Amino acid sequence: MITDFLSKFFLARSTRWKSKEQICEWQQSSFVRLKKMTLTKSEFYFDYCDKDFSEFPVIDKSIHVANFNTINTRNLDWKVATDIALRSEKSRDFENYYRGFSVGLSTGTSGNKGIFVLSKRERIQWAGYVLGKMLPLDFRVHRIALILRSNSPLYESIGFSFFLRFQFFDPINGIATIIPDLESFKPTILIAPSSILDLLSQLKIKIYPVKIISVAEVLNEDQESRIENYFEVKVEQIYQCTEGFLAASCRFGNLHINEDLVIVEKQWIDKDRKRYSPIITDLNRTVQPVVRYLLDDVLIHDSKKCPCGSPMSRIGSIEGRCDDILRLYNGAAYKNIFPDFIRIAIICHCSEIVDYRVEQVQSNHLIIYLSPLNRVTKNGVLVGLAELWSELSVIPPKVRFRPLEPIEWMAKKRRVLRRWSED
Ligand SMILES: [Zn+2]
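What counts as what
- Here, residues in each chain are numbered from 1, in the same order as that chain's written sequence.
- Totals for whole chains, interfaces and linings use every residue, but because this is a predicted model, local features are given only for residues with pLDDT of at least 70 and side-chain atom pairs only at 80 or more, for both listing and counting.
- With hydrogens and water stripped out, all remaining heavy atoms of the structure feed into the side-chain values.
- Comment: elements are numbered from the N terminus, with helices defined as DSSP H or I runs of at least four residues and strands as E runs of at least two.
- Residue burial is assigned from relative accessible area. The probe radius is 1.4 Å, only protein chains are included, and a residue is buried under 20% of its type maximum, exposed over 50%, and partly exposed in between.
- A contact between two residues is defined here by any heavy atoms of the two lying within 4.5 Å.
- Note that accessible areas follow from Shrake-Rupley with a 1.4 Å probe, and for residues the cover is restricted to the protein chains shown.
- Each metal's donors comprise the N, O and S atoms found within 2.8 Å of it (within 3.2 Å for Na, K or Ca). Water is not part of the atom list, so some coordination spheres may appear incomplete.
- Site shape is set this way: if four donors have all angles between 85 and 135 degrees, tetrahedral; if opposite donors are over 155 degrees apart and all others between 65 and 115, square planar for four donors and octahedral for six; otherwise irregular.
- The definition of a polar contact used here is a pair of N or O atoms within 3.5 Å, where within protein one atom must be able to donate a hydrogen and the other to accept one, and adjacent residues in sequence count solely through side-chain atom pairs.
- One side-chain nitrogen of Lys or Arg within 4 Å of one carboxyl oxygen of Asp or Glu is enough to make a salt bridge.
- Exposure above 30% relative accessible area and the lack of any salt bridge qualify a residue for a patch; like charges then connect within 9 Å, and the nonpolar side chains Val, Leu, Ile, Met, Phe, Trp and Tyr within 5 Å.
- A residue counts as positive if it is Lys or Arg and as negative if it is Asp or Glu; His and the chain ends are not included.
- Taken as the charge location is NZ of Lys, CZ of Arg, CG of Asp or CD of Glu.
- Here, nonpolar core means buried Ala, Val, Leu, Ile, Met, Phe, Trp, Tyr and Cys residues that are tied together by side-chain atoms lying within 4.5 Å of each other.
- We treat two strands as partners when DSSP finds at least two bridges between them.
- The handedness of a crossover follows from its direction of travel: if, with the strands pointing away from the viewer, the path from the first strand over the helix to the second runs clockwise, the crossover is right-handed.

### Remarks on the overall build of the protein chain
Here comes step 1: Each helix and strand counted, the protein chain has twelve helices and 21 strands in total.
Here comes step 2: Residue burial in the protein chain is summarised as follows: out of 423 residues, 53% are buried.
Here comes step 3: Taking all contacts inside the protein chain whose residues are at least 6 apart in sequence as the whole, residues at least 24 apart take part in 59%.
Here comes step 4: Roughly 19800 Å² of accessible area belongs to the protein chain as shown, and the carbon and sulfur atoms make up 52% of that amount.

This is the structure we're talking about:
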């Protein structure tokens, strides 16, 4: 097992990648190995195994879920796996296994639950890779604090290590309840969703991490600067979801896709604006293969070379999920309104706005939740949006305002959400 850990630890730290071609060759040979060692054991993929990568079907979450029983290579049953994961979630005891495999629920939006099943070996490889990517090179014993909605079996696998201490903090009862424990743990590395990092800085917590990593939520620039100002440390990001560890930021703070671990193809949403949804293939997973799997996320491609020298593709930013994109009518067709446009329109005209949430509930109707809600903040938002609508030439929607309730810890924080669809 230790060799599994070390091989991925050193793969993540490797500086051997000099060119895109070299990475492509590595991906191709890894995929051939994946076909031979894993996909031939999957009923769903068996018939594709003598075909090229491009002939494998692109599937989304609903297809993956519907075919879970034939995709996985160990005869695991979807219903049993889901029951175990839900039981863990309810009891907050994450030591439940399904025939020795750990089972977790994805933190996707409700009604769209995904499930992930991992062997111990896969978890150890994952831990090796994550630590290889993220651990500072200073040879001290690190104390890692992870604050997340539920303890994923993935993160628990880090706990065994001899050169670090790892502790999980559950914010289920509110962030204030974990502050004393966090302060006495004195983490050197702090891992949490951006909204929690932001709140900890506002509450002026007395910890002094040397590394801060934002996970599981989109990190906005305004949050980023508040967190960095308070902790005096650069915020790094990892882009990790149920389906794989997709990207991590380099020492220059730029996100690179982990192309030695996953193949990412682009399904363009708006090529001119460089927006796409990733189709991912994990080159290592053996129990529940993830092959040409279309994610619901919206990423912004960045084609610039990074000063760190890595040839791995860059992600300019993670914009959110597809239903974070509003759709407004321009008299002839519906146009995409990306969350980033909304964010800039809202925060640029009023410095008093602490937080917001925008929901599209009808084709021409938005509800905007604001904190604080008063005449000045409302006006700022209306001015910013009016400019945006005219710039994009869309018909201005009706807007209603409501006060923003405090963060609901169980929910993944999403600032822009479309609850309506034109079809
Ligand atoms: Zn870089």
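### Things to note about the coordination of the zinc ion
Six octahedral donors around a metal ideally make angles of 90 or 180 degrees; four tetrahedral donors ideally make 109.5 degrees.
Here comes step 1: For the zinc ion, the full set of protein donor atoms is Cys250 (SG), His256 (NE2), Cys306 (SG) and Cys308 (SG), and the range of their distances to it is 2.1 to 2.3 Å.
Here comes step 2: Coordination at the zinc ion comes from four donor atoms whose angles at the metal span 103 to 116°, giving a geometry best classed as tetrahedral.
Here comes step 3: Along the chain, the residues donating to the zinc ion are arranged with the sequence spacing C-x5-H-x49-C-x1-C. Placement of His256 in strand S10 (residues 255-257) and of Cys308 in the loop between strand S14 (297-302) and strand S15 (314-321) is noted, with a sequence separation of 52 residues between them.
Here comes step 4: You can call His256 buried: its relative accessible area is 6%.

### Looking at the environment of Glu422
Here comes step 1: Here Glu422 shows up in the segment after strand S21 (416-418).
Here comes step 2: What makes Glu422 partly exposed here is its relative accessible area of 35%.
Here comes step 3: Separated by 59 residues in sequence, Glu422 and Ser363 place their C-alpha atoms 7.2 Å apart.
Here comes step 4: Among residues more than four places away in sequence, those in contact with Glu422 are Arg327 and Tyr334.

### Quick notes on helix H9 (residues 194-202)
Here comes step 1: Most of H9 is tucked away, with eight of its nine residues classed as buried.
Here comes step 2: Listed as buried for H9 are Ser194, Ser195, Ile196, Leu197, Asp198, Leu199, Leu200 and Ser201.
Here comes step 3: Those residues of H9 that are buried are in contact with strand S4 (142-147), helix H8 (179-185), strand S6 (189-192), strand S7 (211-214) and helix H10 (221-231).
Here comes step 4: A positive phi of about 55° marks Lys204, the residue just after H9.

### Here we look at the side chain of Arg292
Here comes step 1: Mapped onto the elements, Arg292 comes out in the loop between strand S12 (275-282) and strand S13 (293-294).
Here comes step 2: At 3.0 Å, the side chain of Arg292 forms a polar contact with the backbone oxygen of Ser54.
Here comes step 3: Here the side chain of Arg292 touches Phe56 through a polar contact of 2.8 Å, landing on its backbone oxygen.
Here comes step 4: Filtering out sequence-adjacent residues up to four positions away, Arg292 remains in contact with Phe53, Ser54, Glu55, Phe56, Pro57, Val58, Ile59, Glu265, Ile279, Ile280 and Thr281.

### What to know about the pattern of salt bridges
Two side chains with opposite charge may pair up if their charged atoms get near one another.
Here comes step 1: One pass over the full model with this rule turns up 13 salt bridges.
Here comes step 2: For Asp302, the salt bridge identified is with Lys304, shortest N-O distance 3.5 Å.
Here comes step 3: For Glu359, the salt bridge identified is with Arg419, shortest N-O distance 2.8 Å. Taken together, the residues Glu359 in strand S18 (residues 355-362) and Arg419 in the segment after S21 connect sequence positions 60 residues apart.
Here comes step 4: On the basis of relative accessible area, Arg419 is assigned to the exposed category, the value being 53%.
Here comes step 5: Several salt bridges share partner residues, and in doing so they unite Asp302, Lys304 and Arg314 into one network.

### Re a negative patch on the surface
Here comes step 1: A surface patch of negative charge is lined by Asp47, Asp50, Asp52 and Glu55.
Here comes step 2: If you trace the backbone, Asp47 turns up in the loop between helix H2 (20-37) and helix H3 (61-66).

### A look at the nonpolar core
Here comes step 1: Of all hydrophobic cores here, the largest spans 29 residues; its most connected members are Phe31, Leu39, Tyr45, Tyr239 and Ile315.
Here comes step 2: Among the elements of the structure, H2, strand S8 (235-241), strand S9 (244-249), S10, strand S11 (262-270), S12 and S15 are those that each provide at least two residues to this core.
Here comes step 3: Look past the residues within four positions of Leu39 in its chain and what remains in contact with it is Phe31, Leu34, Tyr45, Phe46, Cys49, Phe56, Pro289 and Val291.
Here comes step 4: In this structure, Val130, Phe166, Phe245 and Ala248 belong to the second largest nonpolar core, which totals 28 residues.

### Let's talk about the pairing of S6
As a general feature of sheets, a regular strand has side chains that alternate between the two faces.
Here comes step 1: Neither face of S6 is open: one carries Ile189 and Ile191, the other Leu190 and Ala192, and all of them are buried.
Here comes step 2: For S4 and S6, the ladder comprises three bridges, and the chain directions are parallel. Considered in S6, the bridge of Ala145 is made with Leu190.
Here comes step 3: Bridge count between S6 and S7: four bridges; the pairing is parallel. Bridging across to S7, Leu190 finds its partner in Ile212.
Here comes step 4: Handedness of the S6-H9-S7 crossover: right-handed.

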